[in-house]
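# Structure assessment
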Amino acid sequence: MPDDHYNLIPKVFAQIEAMACDHLTPCLAPARWREAPAHVRAALDEKGPFDGVLMVGHTRQTGPFRVEMRAQNLVNAQKADETGFCWPAEKIQPVGPAFARTTAPVMALVNAVQAAGLPCVASSDAGRFLSNFMLYALLTGDDGLASDLPVGCLRAPRSLEGTDGQVSGILAADAMMQAIITATKAFDQALSARAIANL
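Residues numbered from 1 in each chain as written. Predicted model: local features only at pLDDT ≥ 70, side-chain atom pairs only at ≥ 80, totals over all residues. Heavy atoms only, no water.

### What to know about the pattern of salt bridges
Condition: Should a side-chain nitrogen of Lys or Arg be within 4 Å of a carboxyl oxygen of Asp or Glu, the pair is scored as a salt bridge. Secondary structure is summarised from DSSP: a helix means a run of H or I of at least four residues, a strand means a run of E of at least two, and numbering begins at the N terminus for each. Whether a residue is buried, partly exposed or exposed follows from its accessible area with a 1.4 Å probe, protein chains only, as a fraction of its type maximum: under 20%, in between, or over 50%, in that order.
With the rule as written, the count across this model stands at 4 salt bridges. The salt bridge involving Arg 32 is made with Glu 82; its shortest N-O contact spans 2.9 Å. Placement of Arg 32 in the loop between helix H1 (8–19) and helix H2 (36–47) and of Glu 82 in the loop between strand E4 (70–72) and strand E5 (99–101) is noted, with a sequence separation of 50 residues between them. The class for Glu 82 is partly exposed, based on a relative accessible area of 42%.

### Some words on the side chain of Thr 182
Definition in use: Contacts described as polar in this section are N or O atom pairs within 3.5 Å, which, within protein, must combine one atom able to donate a hydrogen with one able to accept it, while residues neighboring in sequence count only if both atoms come from side chains.
Along the polypeptide, Thr 182 turns up in helix H5 (residues 173–197). Engagement of the side chain of Thr 182 in a polar contact is seen with the backbone oxygen of Gln 178, the distance being 2.7 Å.

### Details of H1
This is how it is decided: For a helix, the expected span equals 1.5 Å multiplied by the residue count minus one. Note that the arc is computed from the directions linking the helix axis to the C-beta atoms.
For H1, spanning 12 residues, the distance from its first C-alpha to its last is 17 Å, which sits close to the expected 16 Å at 1.5 Å a residue. Inspection of H1 places Leu 8, Ile 9, Val 12, Phe 13 and Ile 16 among the buried residues, and these make up the whole buried set. Within H1, the buried residues cover an arc of 120° as seen down the axis, which keeps them to one side. Among the exposed residues of H1, those pointing more than 90 degrees away from its buried face are Glu 17 and Ala 18.

### Some thoughts on the environment of Thr 25
For clarity, the cut-off: In what follows, residue pairs with any heavy atoms lying within 4.5 Å of each other are defined as contacts.
Here Thr 25 is to be found in the loop between H1 and H2. In this structure, the C-alpha to C-alpha distance between Thr 25 and Leu 44, residues 19 residues apart in sequence, is 10.0 Å. If sequence neighbours within four positions are ignored, Thr 25 has contacts with Lys 47 and Phe 50.

### Some thoughts on the confidence of the model for the protein
Formally: The predictor rates its confidence in each residue with pLDDT, a number between 0 and 100.
On average, the protein scores 83 in pLDDT, and the residues at 70 or more come to 83%. Note that residues 1–5 has pLDDT below 50 and, in this model, 12 contacts with residues that lie over four places away or in other chains.

### Overview of the packing of aromatic side chains
What counts is decided by this rule: Note on aromatic contacts: the rings of Phe and Tyr and the six-membered ring of Trp form a pair at centre separations within 6.5 Å, being stacked when their planes are under 30 degrees apart, edge-to-face when over 60 apart, and tilted otherwise. Distance and angle both matter: a charge sits over a ring if NZ of Lys or CZ of Arg is within 6 Å of the ring centre and within 35 degrees of the ring normal.
Across all of its chains, the model carries 4 aromatic pairs by this definition. Between Trp 33 and Phe 133, the ring centres sit 5.1 Å apart and the planes meet at 75°, which makes this aromatic pair edge-to-face. Here Phe 133 lies in helix H4 (residues 130–140) and Trp 33 lies in the loop between H1 and H2, a separation of 100 residues in the sequence. Here Trp 33 and Phe 133 have matching classes, each one buried. Joined through ring pairs, the aromatic side chains of Trp 33, Trp 87, Phe 129 and Phe 133 make up one cluster. Lying over the aromatic face of Phe 85, Arg 34 brings its terminal NZ or CZ to 3.8 Å of the ring centre. Its end group placed over the ring of Phe 129, Lys 79 keeps NZ or CZ at 4.5 Å from the ring centre.

### Observations concerning the packing of H2 against H4
Applied cut-off: Each axis is a line fitted through C-alpha atoms, and for a helix only the stretch in contact is used; angles between axes span 0 to 180 degrees, taken between their N-to-C directions. Orientation labels follow simple angle bins: below 35 degrees gives roughly parallel, above 145 gives roughly antiparallel, 65 to 115 gives roughly perpendicular, and whatever is left gives oblique. Take the far helix as your reference; a near helix turned counterclockwise from it by less than a right angle gives a left-handed crossing, and one turned clockwise gives a right-handed crossing. Amino acids are sorted into nonpolar (Ala, Val, Leu, Ile, Met, Phe, Trp, Tyr, Cys and Pro), charged (Asp, Glu, Lys and Arg) and polar (every other residue, Gly among them).
Relative orientation of the contacting elements H2 and H4 amounts to 55°, with a least axis distance of 9 Å. Here H4 runs oblique to H2, going by the angle between their axes. Judged by the sense of rotation from one axis to the other, the crossing of H2 with H4 is right-handed. Packed against H2, whose contacting residues are Ala 36, Pro 37, Val 40 and Leu 44, the element H4 presents Phe 133, Met 134, Ala 137 and Leu 138 at the interface. Here the residues of the contact of H2 with H4 are counted per class, giving 8 nonpolar, no polar and no charged.

### Quick notes on the nonpolar core
We count it as follows: Only buried residues count toward a nonpolar core, which is a set of Ala, Val, Leu, Ile, Met, Phe, Trp, Tyr and Cys residues joined through side-chain atoms within 4.5 Å.
Formed by 32 residues in total, the largest nonpolar core has its most connected members in Phe 65, Leu 154 and Ile 180. The dominant element in this core, judged by the number of residues it contributes, is H5, at 11 residues. Beyond its immediate chain neighbours, meaning those up to four positions away, Leu 154 contacts Leu 54, Met 55, Val 56, Gly 57, Phe 65, Arg 66, Val 67, Ala 179, Ile 180 and Ala 183. Membership of the second largest hydrophobic core comes to 20 residues, among which are Val 53, Trp 87, Met 134 and Leu 135.

Next comes the structure, spelled out in structure tokens:
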């Protein structure tokens, strides 16, 4: 992809993988409508077991990091993936729920990223491209891809904008890495607390 913003995630994932974080196993999915969800499911089966799944995506918007609360059964059918392929319909599933709520502890992730000094909000609009598409597939079981694991989605902005309205410029790799690691740690801690509560 020619846009440097969209090349950040592969770069950051490579750095995280080199760090060998105990609580985090990165998996980079192809930016392709047809292959991406199956790729994620194969990675879950091959590299698991896991306690949860946190998808990481991006948006062209300026603003805070966004932790998505739901996916929607909608697609931008005019937007091509990295192969030039466009989804042939305006819905992910011809017959499916209009929305699917994420099962991750959204506010725990939002609060943790904010505490790390990065602007972050809970969001109800995951867009109509691949982040939303994959999130919907994992949450609803499109093509048998439903996950029994808690699933969430963190989306990075093109440029960070704080609560004071100040724009910090194009998002840097270290800010994205900090947000991802912070969010996954909060995710892990929330799941551990939930497991203890259920004992």
